[in-house]
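# A look at the structure
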Amino acid sequence: MDFEELYRIQDETEQVQKTYELFNENTRLSRSQAARVEFLTTLRYIEQALGPGSRLLDVGAGAGEYSLYFARKGYQVSALELAQANLRAFRQKLTPADPIELVQGNAVDLGRWPDASFDGVLLLGPLYHLHRERDRQACIAEARRVCRPGGWLFFAFISNDMVHLTEFACRPDYFTNGSYNKETFRQEDFPFVFHTVDACRAMLRRAGVHILHEVAADGASELLEDKINALPPADYAQYLRYHFYICEKPEFLGMSNHLLFVGRN
């Protein structure tokens, strides 16, 4: 399987399956100090909202990075993941001491869980893959349904506007030959779906989500990966403090590979 073969797949479910045979989600959030910024930022906002004992649903759980962290902190965790490659990686990490309900399924159908089952719902991946607006709205509606009134909702997106710079850092010819609209700078939605900050905000508002935080989850960390990975512990800790200081400033939001939106149900 390569990108050319992946591009020919029309069925979205199959495309997601094949995407994670190409991309290693298992180490994406843990492979380096720079990669860890997104994870640590997201933890910060979840832990500000919910404490041990909370009922948490991780929709699109990937290889289990968030589910395992919170289950081992005393949260009641259920997890749903579509891609077989991610499920295999997740199950390899599970121990008998990990009380996680892990199931395979699609984020647009959470019918296995009753209304108001959870204190918080994580959607930290599904909106990367849903190309149709009706599917995105169905996904958000299902998350809202299974989240209790007043509960917390966490949404991750890939930022359309930062990808140009991270691609350019790898490909000097990117601005001439990259896969984006040369007039509007809209990224081609393949194999992931990209959103601007305004589009994320509008989507969630249409779905009835009350947005409390808009966060540049990793900021410039991918662009500065080599420099961040070379930092000694004290300097890395100070870099994180700086990142947390700027990550909700409106002027920095779009300049991040990943966006985190936090809302109440």
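A brief structural summary. (Residues numbered from 1 in each chain as written. Predicted model: local features only at pLDDT ≥ 70, side-chain atom pairs only at ≥ 80, totals over all residues. Heavy atoms only, no water.)

What follows covers the side chain of Asp98. The topology assignment puts Asp98 in the loop between α5 (84–93) and β3 (101–104). Note on Asp98: relative accessible area 10%, which makes it buried. Within polar-contact distance, the side chain of Asp98 engages the backbone nitrogen of Thr95 at 2.8 Å. What Asp98 contacts, discounting residues up to four positions off in sequence, is Leu68, Arg72 and Lys93. (Helix = DSSP H or I, 4+ residues; strand = E, 2+ residues; numbered from the N terminus. Buried < 20%, exposed > 50% of the residue type's maximum accessible area, 1.4 Å probe, protein only. Polar contact = N/O pair within 3.5 Å; in protein donor to acceptor, adjacent residues only side chain to side chain. Contact = heavy atoms within 4.5 Å.)

Here the structure, examined in full by the defined rule, presents 11 aromatic pairs. Consider the rings of Phe157 and Phe261, whose centres lie 5.7 Å apart with planes at 85°: the pair is edge-to-face. Residue Phe157 is located in strand β5 (residues 147–159), and its partner Phe261 is located in strand β8 (residues 258–264); the two are separated by 104 residues in the primary sequence. The pair formed by Phe157 and Phe261 is uniform in burial state, with each residue classed as buried. One aromatic cluster in this structure is built from Phe39, Tyr66, Tyr69, Phe70 and Tyr75. The residue whose ring lies beneath Lys182 is Tyr180, and the NZ or CZ to ring-centre distance is 4.4 Å. (Phe/Tyr/Trp six-rings, centres within 6.5 Å; stacked < 30°, edge-to-face > 60°. Lys NZ or Arg CZ within 6 Å of the ring centre and 35° of its normal.)

Okay, the pairing of β8 next. Buried residues dominate β8, accounting for 6 of its 7 residues. Direction of pairing for β5 relative to β8: antiparallel, over a ladder of 7 bridges. Within β8, the position partnered with Phe155 by the bridge is Phe261. (Pairing = 2+ DSSP bridges.)

This brings us to the packing of helix α6 (residues 133–146) against helix α9 (residues 197–206). Axis angle and axis distance: for two packed helices, these are the angle between their axes and the distance between the axes, and together they describe the pair. Their axes nearest at 10 Å, the elements α6 and α9 cross at an angle of 60°. What the angle tells us is that α6 and α9 run oblique. For the pair α6 and α9, the sense of crossing is right-handed. From α6, Glu133, Arg136, Gln137 and Ile140 reach across to α9, where they touch Met203, Leu204 and Arg206. Of the residues belonging to the contact of α6 with α9, the class tally is 3 nonpolar, 1 polar and 3 charged. (Axes fitted to C-alpha atoms, helices over the stretch in contact; angles between N-to-C directions. Parallel < 35°, antiparallel > 145°, perpendicular 65-115°, else oblique. Left-handed = near helix turned anticlockwise from the far one by under 90°. Nonpolar A, V, L, I, M, F, W, Y, C, P; charged D, E, K, R; others polar.)

So, on to the nonpolar core. Within the largest apolar cluster, 37 residues are counted, with the highest numbers of intra-cluster contacts made by Tyr66, Phe70, Ile100, Phe154 and Leu260. Mapped onto this core, the elements with two or more residues apiece are α3 (33–49), α4 (65–71), β2 (76–81), α5, β5 and β8. Excluding residues within four positions of it along the chain, Leu260 makes contact with Thr42, Tyr45, Leu124, Phe154, Phe155, His213, Glu214, Val215 and Ala217. Residues Val103, Ile140, Ala143 and Val197 belong to the second largest nonpolar core, which totals 31 residues. (Core = buried A, V, L, I, M, F, W, Y, C linked by side-chain atoms within 4.5 Å.)

A full pass over the atoms with the stated rule returns 16 salt bridges. Across the salt bridge formed by Asp119 and Arg55, the nearest N and O atoms sit 3.0 Å from each other. Residue Asp119 is found in strand β4 (residues 118–123), and its partner Arg55 is found in strand β1 (residues 55–59); the two are separated by 64 residues along the sequence. Classification of Asp119 as buried rests on a relative accessible area of 11%. Salt-bridge contacts for Arg136 lead to Glu133; the nearest nitrogen and oxygen are separated by 3.2 Å. A residue pair is termed a helical-turn pair when its members lie 3 or 4 positions apart in one helix, as Arg136 and Glu133 do in helix α6 at 3 residues. In this structure Glu133 comes out as partly exposed when scored by relative accessible area, which is 27%. Connected through salt bridges with shared partners, the residues Arg36, Glu65 and Lys93 form a single ionic network. (Salt bridge = Lys/Arg side-chain N within 4 Å of Asp/Glu carboxyl O.)

We now examine unusual backbone geometry. For Ala116, which is not glycine, the phi torsion reads 55° and is therefore positive. The topology assignment puts Ala116 in the loop between β3 and β4. For Ala116, a relative accessible area of 32% gives the class partly exposed. Its identity is not glycine, yet Phe185 carries a phi of approximately 65°, on the positive side.

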